[in-house]
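Structural description and commentary
Spelled out from the first residue to the last, the chains are:
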Amino acid sequence: QVQLVESGGGLVQAGGSLRLSCAGSGRTFSVYAMGWFRQAPGKVRESVAAITGSGMSTRYADSVKGRFTISRDNAKKTVSLQMNSLRPEDTAVYYCAAASSYLTLSTTGDYWGQGTQVTVSS
């Protein structure tokens, strides 16, 4: 079992940057694939990025490729999402998630953080 807490959300102007962090707890943090999801009002939850337990492989939604970078530090039990060139359509609540399968994170997670709001103004 993993407990996750997100931080780093806030208000930023279009074109700006934010870095989200997710702090995990649990003995087996490194065995979990990790991902970031987001959900905007009235829209379905979508996968933004995912990373394998080792950090060897990553994947991104087409909408954020080239702008967002996911990374993890297993020694510190953290996963981050660096978001650059932000657009108003990136506005959403962002959730950190953990899953036993990297494949699972294309659609959902096994464990979730509480979410952090990201608002990008025009």
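For the structure, check the block above.
Described below are features of the structure shown in this document.

1. A closer look at the nonpolar core
Residues Met 34, Trp 36, Leu 81, Met 83 and Tyr 94 are the most contacted members of the largest nonpolar core, which totals 28 residues. For this core, the elements supplying multiple residues, two or more each, are β3 (18-25), β4 (33-39), β5 (46-51), β7 (68-73), β8 (78-83), β9 (92-99) and β11 (116-121). At four residues, the largest contribution of residues to this core is made by β9. Ranked by size, the runner-up nonpolar core spans six residues in total, among them Phe 37, Ala 50, Ala 97 and Ala 99.

2. Considerations on the packing of aromatic side chains
The final tally for this structure, using the stated rule, is three aromatic pairs. Judged by centre distance (5.8 Å) and plane angle (90°), the ring pair of Tyr 32 and Tyr 111 falls under edge-to-face. Of this pair, Tyr 32 sits in the loop between β3 and β4 while Tyr 111 sits in strand β10 (residues 111-112), and the two are 79 residues apart along the sequence. One residue, Arg 45, lies across the ring of Phe 37, its end atom 5.6 Å from the ring centre. Its end group placed over the ring of Tyr 102, Arg 59 keeps NZ or CZ at 4.1 Å from the ring centre.

3. Let's talk about the side chain of Thr 52
Topologically, Thr 52 is positioned in the loop between β5 and β6 (58-60). If near-sequence neighbours (up to four positions away) are discounted, Thr 52 is found in contact with Ala 33, Ser 57, Arg 72 and Tyr 102.

4. Notes on the sheet that holds β7
Spatial strand order, β1-β3-β8-β7: four strands in an open sheet with antiparallel pairing. Only two strands of the sheet have a single partner each, and these edge strands are β1 (3-7) and β7. Geometrically, the sheet is characterised by an average inter-axis angle of 15° between neighbouring strands, direction not taken into account. Here six bridges tie β7 to β8, and the two strands are oriented antiparallel to one another. Within β8, the position partnered with Arg 72 by the bridge is Val 79.

5. Digging into the pairing of β4
Where burial is concerned, most of β4 is hidden: six out of the seven residues are buried. Bridge count between β4 and β9: seven bridges; the pairing is antiparallel. What sits directly across from Trp 36, in β9, is Cys 96. For β4 and β5, the ladder comprises five bridges, and the chain directions are antiparallel. Residue pairing for β5: Phe 37 is matched across the bridge by Ser 47. From the end of β4 to the start of β5, which pair antiparallel, there are six residues, and Gly 42 there has a positive phi angle of about 75°.

What counts as what
- Residues numbered from 1 in each chain as written.
- Predicted model: local features only at pLDDT ≥ 70, side-chain atom pairs only at ≥ 80, totals over all residues.
- Heavy atoms only, no water.
- Core = buried A, V, L, I, M, F, W, Y, C linked by side-chain atoms within 4.5 Å.
- Buried < 20%, exposed > 50% of the residue type's maximum accessible area, 1.4 Å probe, protein only.
- Helix = DSSP H or I, 4+ residues; strand = E, 2+ residues; numbered from the N terminus.
- Phe/Tyr/Trp six-rings, centres within 6.5 Å; stacked < 30°, edge-to-face > 60°.
- Lys NZ or Arg CZ within 6 Å of the ring centre and 35° of its normal.
- Contact = heavy atoms within 4.5 Å.
- Pairing = 2+ DSSP bridges.
- Axes fitted to C-alpha atoms, helices over the stretch in contact; angles between N-to-C directions.

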